[in-house]
Amino acid sequence: QVQLVESGGGLVQAGGSLRLSCAASGSIFSINAMGWYRQAAGKQRELVAAVASGGSTDYADSVKGRFTISRDNAKNTVYLEMNSLKPEDTAVYYCNVHARPRVLSGIRDYWGQGTQVTVSS
């Protein structure tokens, strides 16, 4: 089983910054893409940012220029640096990992428990 543990969420004023971390552990053979999704109250879950194994990144238009995704392959960890935060960034942020388990075949999709990010005006 692959487990994802998120940290770094909290309350911050508009214009402030937060750094989210997500560490993957368990019977992992390899990790492909890693990313962050968010879900605001009453809204659908949406992709925020993703980073492929080769390092290429993808961002939602709403966060381009403000958020930066990165990964530390040695630690099986993905980060989301969030700057210039806005109240509309308030949501539960979920880590997502596409990984190959050591025993099971194929690439599987794993989710973190979610961490709350609240941006006050």
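Summarised in this report is the structure supplied together with it. (Residues numbered from 1 in each chain as written. Predicted model: local features only at pLDDT ≥ 70, side-chain atom pairs only at ≥ 80, totals over all residues. Heavy atoms only, no water.)

**Quick notes on the pairing of strand β11 (residues 115–120)**
Threshold: Three labels apply to residues, based on accessible area from a 1.4 Å probe with only protein chains included: buried if under 20% of the type maximum, exposed if over 50%, partly exposed otherwise in between. Strands are runs of DSSP state E lasting at least 2 residues, helices are runs of H or I lasting at least 4, and numbering of each runs from the N terminus. Pairing between strands is defined by DSSP: at least two bridges between them are needed.
Along β11, the buried face is formed by Thr115, Val117 and Val119; none of Gln116, Thr118 and Ser120, which line the opposite face, is buried. In the sheet, strand β2 (residues 10–13) pairs with β11 via four bridges, with the strands oriented parallel. Residue Gln13 lies in a different strand from β11, and its bridge partner there is Ser120. Pairing of strand β9 (residues 91–101) with β11 involves three bridges; the strand directions are antiparallel. From the neighbouring strand, Tyr93 faces β11, where its bridge partner is Thr115.

**Here's the deal with the state of the cysteines**
What counts, and what does not: We call a pair of cysteine sulfur atoms a disulfide when they lie within 2.5 Å.
Scanning the model with the defined rule gives one disulfide in all. Between the sulfur atoms of Cys22 and its disulfide mate Cys95 the distance is 2.1 Å. Taking the sign of the torsion about the S-S bond as the criterion, the disulfide between Cys22 and Cys95, at about -85 degrees, is left-handed. Of the two residues, Cys22 sits in strand β3 (residues 18–26) while Cys95 sits in strand β9, which places them 73 residues apart along the sequence. Using a relative accessible area of 0% as the deciding quantity, one classes Cys95 as buried.

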